[in-house]
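# A structural walkthrough
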Amino acid sequence: PMFSHAAYLRKHGKFLENDDLVPLAAIDKSEEIEKLFDEAYSNWKGSRVGEEEQTIAEREAELEKRLVHALLATVKGRLIAGGVFRFLNTVLQFSFPILLNLILSYFEDVQSGKITENDPPAVYYKGYWLSALLMLFVALKALSESAYFHKVNRCSWRYV
């Protein structure tokens, strides 16, 4: 519907306005992010040494740790989910050569006569099942990669 509306507006020399866009999810609104960040930043339990006793370098290191803690506290769920998707993506990527090797071995067995029409259907049609599995893995890899980039980009949008 938004593209149709944009095309209609363009025909009339107008453009999309902010009101035409899909509303932002509540968790991605700056008020919610600021609340989570401030809560994590103020709840930091760093070193118990007083500021008077710390050197400038120690205070800078402490502030950096506090900032990293607050940043991670606001996005850790999405980063963990992104990591899971990335792990799945990597596993699927390593499965392609294995499946391709099994498919090629199947065709070698068919051509050499080790597999014939007299074999059970599970053995005779093994190449087709492996090819379908390879296609499924390619689709799952594309979906997991897309989900990973979506999660990571949503984390980065929070701090632009």
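The structure reproduced in this document is the subject of the present report. (Residues numbered from 1 in each chain as written. Predicted model: local features only at pLDDT ≥ 70, side-chain atom pairs only at ≥ 80, totals over all residues. Heavy atoms only, no water.)

### Points about the overall build of the protein chain
In terms of regular secondary structure, the protein chain is built from five helices and zero strands. Secondary structure of the protein chain in N-to-C order comes out as α-α-α-α-α. Here the C-alpha atoms of the protein chain give a radius of gyration of 27 Å, more than 25% beyond the 15 Å that 2.2 N^0.38 yields for 160 residues. Seen through its C-alpha atoms, the protein chain measures out along the principal axes to roughly 85 × 60 × 20 Å. Here the analysis covers contacts within the protein chain between residues at least 6 apart in sequence; of these, 67% occur between residues at least 24 apart. In the structure as shown, the protein chain presents an accessible area of about 12500 Å², 63% of it carried by carbon and sulfur atoms. In the protein chain, which carries 19 positive and 21 negative side-chain charges, the distance between the mean positions of the two groups comes to 4 Å. (Helix = DSSP H or I, 4+ residues; strand = E, 2+ residues; numbered from the N terminus. Rg over C-alpha atoms; globule rule 2.2 N^0.38 Å. Contact = heavy atoms within 4.5 Å. Areas by Shrake-Rupley, 256 points an atom, 1.4 Å probe, with all protein chains shown as cover. Lys, Arg positive; Asp, Glu negative; His and termini not counted. Charge placed at Lys NZ, Arg CZ, Asp CG, Glu CD.)

### Let's talk about the packing of aromatic side chains
Summed over all chains, the structure comprises five aromatic pairs. Consider the rings of Tyr 125 and Tyr 128, whose centres lie 5.8 Å apart with planes at 45°: the pair is tilted. Classification of Tyr 125 by relative accessible area gives partly exposed; the value is 40%. For Tyr 128, a relative accessible area of 58% gives the class exposed. (Phe/Tyr/Trp six-rings, centres within 6.5 Å; stacked < 30°, edge-to-face > 60°. Buried < 20%, exposed > 50% of the residue type's maximum accessible area, 1.4 Å probe, protein only.)

### Observations regarding the pattern of salt bridges
Two side chains of opposite charge can pair, provided their charged atoms sit close to one another. One pass over the structure, following the stated rule, counts four salt bridges. Between Asp 28 and Arg 78 there is a salt bridge; the shortest N-O distance is 2.9 Å. Residue Asp 28 is found in the loop between α1 (2-11) and α2 (30-42), and its partner Arg 78 is found in helix α3 (residues 56-112); the two are separated by 50 residues along the sequence. A relative accessible area of 14% places Asp 28 in the buried class. Since its relative accessible area comes to 13%, Arg 78 is described here as buried. For Glu 145, the salt bridge is made with Lys 141, and the minimal N-O distance between the two is 3.4 Å. With Glu 145 and Lys 141 both in helix α5 (residues 126-157), this residue pair falls four residues apart, about one helical turn. Residue Lys 141 is classed as buried on the basis of its relative accessible area, which comes to 14%. Each of Asp 28, Arg 78 and Arg 154 takes part in one network of salt bridges that share partners. (Salt bridge = Lys/Arg side-chain N within 4 Å of Asp/Glu carboxyl O.)

### Details of the environment of Glu 17
Summarising the element assignment, Glu 17 is placed in the loop between α1 and α2. The class of Glu 17 is exposed, set by a relative accessible area of 54%. Along the primary structure Glu 17 and Ala 6 are separated by eleven residues, whereas in three dimensions their C-alpha atoms are 9.6 Å apart.

### Some points on the nonpolar core
If you look at the biggest cluster of nonpolar residues, it comprises five residues: Phe 96, Leu 99, Ile 103, Leu 130 and Leu 134. Here this core gets three residues from one element, more than from any other, and that element is α3. (Core = buried A, V, L, I, M, F, W, Y, C linked by side-chain atoms within 4.5 Å.)

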